[in-house]
Amino acid sequence: EETGALILDTRSAADFHKGYIPNAINIGLKGDFAPWAGSMIVDVKQPILIVSDPGTEEEVITRLSRVGFDHVVGYLEGGFEAWKKQNNETDTVKRISPEEFEEKYSENAKVFDVRKPSEYDAEHVLNAENKPLADISEWIGRVDKNEHFFVYCGGGYRSMIAASIFNSRGIRNFTEVEGGYGKIKETDVPKTAFVCHSKK
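Here we summarise the structure given alongside this text. (Residues numbered from 1 in each chain as written. Predicted model: local features only at pLDDT ≥ 70, side-chain atom pairs only at ≥ 80, totals over all residues. Heavy atoms only, no water.)

### Remarks on the overall build of the protein chain
Logical step 1: The secondary structure content of the protein chain amounts to 9 helices and 9 strands.
Logical step 2: Against the globule reference of 16 Å for 200 residues, the protein chain gives a C-alpha radius of gyration of 17 Å, in line with a compact fold.
Logical step 3: On the principal axes, the C-alpha backbone points of the protein chain span a range of 50 × 40 × 30 Å.
Logical step 4: In the protein chain, buried positions account for 46% of the 200 residues.
Logical step 5: Carbon and sulfur atoms make up 46% of the accessible area of the protein chain, which totals about 10500 Å².
Logical step 6: Distance between charge centres in the protein chain, computed from 25 positive and 33 negative side chains, equals 3 Å. (Helix = DSSP H or I, 4+ residues; strand = E, 2+ residues; numbered from the N terminus. Rg over C-alpha atoms; globule rule 2.2 N^0.38 Å. Buried < 20%, exposed > 50% of the residue type's maximum accessible area, 1.4 Å probe, protein only. Areas by Shrake-Rupley, 256 points an atom, 1.4 Å probe, with all protein chains shown as cover. Lys, Arg positive; Asp, Glu negative; His and termini not counted. Charge placed at Lys NZ, Arg CZ, Asp CG, Glu CD.)

### Describing the sheet that holds strand E3 (residues 48-51)
Logical step 1: Pairing within the open sheet is parallel, and its 4 strands lie in the order E2-E1-E3-E4. Two strands lie at the open edges of the sheet, namely strand E2 (25-26) and strand E4 (72-75), each paired on one side alone.
Logical step 2: Inspection of the sheet shows E3 paired to E4 by 3 bridges, in the parallel sense. Bridging from a neighbouring strand, Ile 50 pairs with Tyr 75 of E4.
Logical step 3: The sheet strands contacting helix H3 (residues 57-66) are strand E1 (6-9), E3 and E4, and the helix crosses E3 at an angle near 145°. (Pairing = 2+ DSSP bridges. Contact = heavy atoms within 4.5 Å. Axes fitted to C-alpha atoms, helices over the stretch in contact; angles between N-to-C directions.)

### Let's talk about H3
Logical step 1: Among the residues of H3, those classed as buried are Glu 57, Val 60, Arg 63 and Leu 64. Taken end-on, H3 shows its buried residues confined to a sector of 135°, consistent with a single buried face. Opposite its buried face, H3 presents the exposed residues Glu 58 and Arg 66, each directed more than 90 degrees away.
Logical step 2: In this structure, the buried residues of H3 make contact with E1, helix H2 (33-40), E3 and E4.
Logical step 3: Taken from the residues just after H3, Gly 68 is the one with a positive phi, measuring 95°. (Arc of directions from axis to C-beta.)

### Looking at the sheet that holds strand E6 (residues 111-113)
Logical step 1: With respect to topology, 5 strands assemble into an open sheet ordered E5-E9-E8-E6-E7, the strand pairing being parallel. Each edge of the open sheet carries a strand with a single partner, namely strand E5 (95-96) and strand E7 (129-130).
Logical step 2: Bridge count between E6 and E7: 2 bridges; the pairing is parallel. Within E7, the position partnered with Asp 113 by the bridge is Asn 130.

### With respect to the nonpolar core
Logical step 1: Core analysis: the biggest nonpolar cluster contains 41 residues, and Ile 27, Leu 64, Ile 136 and Phe 166 have the highest contact counts within it.
Logical step 2: Sorting the residues of this core by element identifies E1, helix H1 (13-16), H2, E3, H3, helix H7 (136-139), strand E8 (149-152) and helix H8 (157-168) as the ones contributing at least two each.
Logical step 3: Looking at this core, the element that brings in the most residues is H8, giving 6 residues.
Logical step 4: Setting aside residues up to four positions removed in sequence, Phe 166 forms contacts with Phe 112, Ile 136, Trp 139, Ile 140, Phe 149, Val 151, Ile 171 and Phe 174.
Logical step 5: Ranked by size, the runner-up nonpolar core spans 14 residues in total, among them Ala 109, Tyr 120, Val 125 and Val 189. (Core = buried A, V, L, I, M, F, W, Y, C linked by side-chain atoms within 4.5 Å.)

### Some points on H2
Logical step 1: Where H2 is concerned, the buried positions are Phe 33, Ala 34, Trp 36, Ala 37 and Met 40. Seen along its axis, H2 keeps its buried residues to an arc of 165°; they face one direction.

### Observations concerning a negative patch on the surface
Logical step 1: A cluster of acidic residues, Glu 99, Glu 100, Glu 102, Glu 103, Glu 178, Glu 186 and Asp 188, forms a negative patch on the protein surface.
Logical step 2: Among the secondary structure elements, Glu 102 is positioned in helix H5 (residues 98-104). (Patch = residues over 30% accessible without salt bridge, like charges linked within 9 Å, V, L, I, M, F, W, Y side chains within 5 Å. Salt bridge = Lys/Arg side-chain N within 4 Å of Asp/Glu carboxyl O.)

Shown next, in the form of structure tokens:
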């Protein structure tokens with residue numbers, strides 16, 4: 001609060017959704033960490049506070065500095081578990097399995113696909129809207145806070161970034177789908193026919 005720092009939680013989506021510091025943004029270290037940090041955090045001068053798996057702090061700082069972020073204020077000693085042990089306030093993301101998504105899905109359900117347009121065009125959940133994560137700052141202001149929606153990506157990495165941003169903006173009326181489209185494909189959720197990129 002003193003520095004106006006962004007809390008950047010670099011733990012995996014699997015750990016992050018179960019509990020995190022309110023308003024933290026999740027960009028997992030095990031993934032396309034630096035490119036997504038670069039595209040999600042607009043200002044390289046933004047002060048950043050890190051929450052990471054203990055022992056990975058130096059790697060996080062090094063990888064951030066490679067994409068121009070040199071204003072790391074510090075990191076949470078002992079990681080999120082230390083925060084929890086102090087009985088500090090925590091938040092969660094509602095995440096469901098692809099099987100649960102299959103049960104809850106209907107043609108009237110609102111579904112956001114945050115993958116790239118090329119991935120979406122190839123194949124997606126029937127009636128899903130393409131809302132690319134890279135453009136979230138452009139479309140998040142138009143999200144209806146009263147209508148529930150599901151959100152998925154390719155494997156659960158990008159959708160958790162989106163989920164953390166939704167929560168930080170006071171958008172709570174959504175459910176994130178674990179494993180993304182890669183796992184949804186294995187269910188009977190209605191999908192569009194696959195279109196090979198080379199034929200487009």
